[in-house]
2 protein chains.
Amino acid sequence: MAAVRNAPRNAPRNAAVTVHLVILTVLDDELVALVLAGNPNRVRLPSGRVVDDEELRRTAERTLWELTGLESTDVHVEQLATYGAPRQVTVAYLAIIPGVAAEAITDVDLEVAVGDDGVGIDPDDDSAPEDEADRADEDEAEWLPVGELLDNPDCLAFNHHQILDDGVERARAKLEYSTLGTAFCPDEFTIGDLRRVYQAVWDTTLDPRNFHRKVSTTADFLVETGRITSGESGRPARLFRRGDVDRLHPALLRPTD
Amino acid sequence: MAAVRNAPRNAPRNAAVTVHLVILTVLDDELVALVLAGNPNRVRLPSGRVVDDEELRRTAERTLWELTGLESTDVHVEQLATYGAPRQVTVAYLAIIPGVAAEAITDVDLEVAVGDDGVGIDPDDDSAPEDEADRADEDEAEWLPVGELLDNPDCLAFNHHQILDDGVERARAKLEYSTLGTAFCPDEFTIGDLRRVYQAVWDTTLDPRNFHRKVSTTADFLVETGRITSGESGRPARLFRRGDVDRLHPALLRPTD
DNA sequence: GCAAAAGTGTTTAGCTTACACCCATGT
DNA sequence: ACATGGGTGTAAGCTAAACACTTTTGC
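From a predicted model like this one, the values you see are computed outputs, not experimental measurements.

Visitor: Now, about the confidence of the model for chain A: what can you tell me, with residues and values included?
Guide: Residues and elements named next belong to chain A. Per-residue confidence for chain A averages 86 on the pLDDT scale, and 82% of its residues sit at or above 70. Segment residues 112-131: pLDDT under 50, and 41 contacts once partners within four positions in sequence are set aside and those in other chains are kept. Low pLDDT (under 50) marks residues 133-137, which in the prediction has 13 contacts with non-local residues, meaning those over four places away or in another chain.

Visitor: Go over the protein's contact with DNA strand C with me, naming the residues and quoting the values.
Guide: Residues in contact with DNA strand C amount to 22 residues; listed here are only the nearest, Arg209 of chain A together with Arg209, Asn210, Lys214 and Pro236 of chain B. What you see for DNA strand C is that sugar and phosphate hold 56% of its atoms within 4 Å of the protein. For DNA strand C, a base oxygen lies 2.9 Å from a polar atom in the side chain of arginine 213 of chain A. Contacts to DNA strand C include arginine 238 of chain A, whose backbone N or O atom sits 3.1 Å from a phosphate oxygen. Elements supplying a minimum of two residues to the surface near DNA strand C: helix H6 (191-202) and helix H7 (208-217) of chain A together with helix H7 (208-217) of chain B. When residues in the surface near DNA strand C are grouped by element, the largest group, four residues, is from H7 of chain B. Its residues placed into classes, the surface near DNA strand C shows five nonpolar, six polar and 11 charged.

Visitor: Hey, could you go over the packing of aromatic side chains for me, with residue numbers and the actual values?
Guide: Under the counting rule described, the total for this entry stands at four aromatic pairs over all chains. Arranged with centres 5.1 Å apart and planes meeting at 85°, the rings of tyrosine 198 of chain B and tryptophan 202 of chain B form a pair that is edge-to-face. With tyrosine 198 of chain B and tryptophan 202 of chain B both in helix H6 (residues 191-202) and four residues apart, this pair spans about one turn of that helix. Residue classification places tyrosine 198 of chain B among the buried residues on the basis of a relative accessible area of 0%. Pairing tyrosine 198 of chain B with phenylalanine 211 of chain B gives two aromatic rings, centres 5.3 Å apart and planes at 65°, and the pair type is edge-to-face. Of this pair, tyrosine 198 of chain B sits in helix H6 while phenylalanine 211 of chain B sits in helix H7, and the two are 13 residues apart along the sequence. Take phenylalanine 211 of chain B: its relative accessible area is 4%, and that puts it in the buried class. These aromatic residues form a ring-pair network of at least three members: Tyr198, Trp202 and Phe211 of chain A.

What counts as what
- For every chain, the first residue of its written sequence is number 1, and the numbers climb from 1 along that sequence.
- Labels follow written order: the first chain is A, the first ligand is 1, and so on.
- Whole-chain, interface and lining totals are the exception, using all residues; otherwise, since this is a predicted model, local features are given only for residues with pLDDT of at least 70 and side-chain atom pairs are given and counted only at 80 or more.
- Only heavy atoms go into the side-chain values, all of them from the structure, while hydrogens and water stay out.
- Scored from 0 to 100, pLDDT reflects the predictor's confidence in each residue.
- Whether two residues are in contact is decided by their heavy atoms, any of which lying within 4.5 Å being enough.
- Whether a residue is near a molecule or strand depends on its heavy atoms: if one lies within 4 Å, it is near.
- We define a polar contact as two N or O atoms separated by no more than 3.5 Å, with the added condition that, inside protein, one atom must be a possible hydrogen donor and the other a possible acceptor, whereas residues neighbouring each other in sequence contribute only through side-chain atom pairs.
- A run of H or I in DSSP becomes a helix once it reaches four residues, and a run of E becomes a strand once it reaches two; helices and strands are each numbered from the N terminus.
- Residue polarity follows a fixed list, in which Ala, Val, Leu, Ile, Met, Phe, Trp, Tyr, Cys and Pro are nonpolar, Asp, Glu, Lys and Arg are charged, and the others, Gly among them, are polar.
- Here the aromatic set is Phe, Tyr and Trp, taking the six-membered ring for Trp, and pairing holds for ring centres within 6.5 Å; pairs whose planes are under 30 degrees apart are stacked, those over 60 apart are edge-to-face, and all others are tilted.
- Each residue is placed in one exposure class: buried if its accessible area under a 1.4 Å probe, protein chains only, is under 20% of its type's maximum, exposed if it is over 50%, and partly exposed if it falls in between.

Listed below in structure tokens is the structure:
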């Protein structure tokens, strides 16, 4: 049946490779993403160009550092997906940072942190007019609720709505079968803190008693520090650190309704 | 805390973009992958260059078609991950094809099906000596057991061991919570056929009775055709088609031992 | 004392596992 | 008759959902 199938084709061309970032955190019990305000009424995701012989992951981590000052050791970074366009390939990464670290990043800090010197454009670079990776200067960065961003498909430029949607869905899914939820928490946190992260990411409510039992009986999910909270309303809570495991057995499934 | 963090950097360069394929099927109750025999003792995964303004997915599907003659409507194709190297970006795709379709692809067919005319190399293409996407002619393609390929890390060239490992793990994981297993089956298949797919991919054995109940009671996983098998040993089995659902609720978990 | 959040115990329902058992066909 | 694989029934064990209840703090 199958025979020679050499289709005629033109010469392969090189493509500009950019990295885009979906940076998520939880602020005030709400899942928010870091976006740059460029054109009026249109925000976009942070991005960076692959420079020199950088690894893709290193590009993502460097761009994240330029935006937030956070080292990759403090942040969860994983590859999301790659989106191809003519002459332009975008590799999207998902970054998850603790809410307390996000609070330290003010708009003032962010305003000048993004930039691309843009010297020495490659001779082959006949990129499309919609080239987005350059001239990121003078843009303000802000944390916007994911719910609003996803509900209004037009408020994100280019294909960034798709990328954000993929990133949020990845995060939501991974909370079920992995310990990724702790990446939203600071070094030490209570089980209630972790539950509020789950509730914010899943946009739902969870029974505090059952959640407590579930995470506290899953071996190596949480490690007790011996310290407890104080000064807050209610009974003091034990403080925990992330444990060693990555996967949750059995999973902690989202409510079905 | 954070201030201006414009690190000095050189001009961004364009990269050659190639697509690599992890093509899996089940032959004789064994999970096998399609590999090309190039250098002695070293096989590699099929690959294709992105030509013209192709979408990445289209490149993957075109390359698969050149190799196997299969249309993308008959095959499950999903993006796996992207691996970055200097001047070279590889986007890996996972393809799953039915065993009966794989049997129709003989070595004779495959021998001449792979090729790259290689005209008009881009002036910017100062790719590393290990450029792998070209001169794929004269290579023979064959189905090799995944177990053997993964047990011998040196038998796959470049980073193809890593790519294959990622692809196999993706397939194994997705059998748990999705209906991907049916992609290994022909249009009509029995529950026993599907169970042998699960057993081959997971390299384990499953209780036929419990597996039968599980898949037959999960709504919309399988659709009865009304036909039954005949001519084989044992009681005839009902023939099914894939149902509409993509996700399995609840999941069909791998045995833990 | 009262509100608020942490944490424990108990019941019930659903799902998985293991396995006994029956069914329908080829040889 | 018997081997072979298809298919059903059932009891035991594990898990999660729902919720009553106790504990320990701040005010």
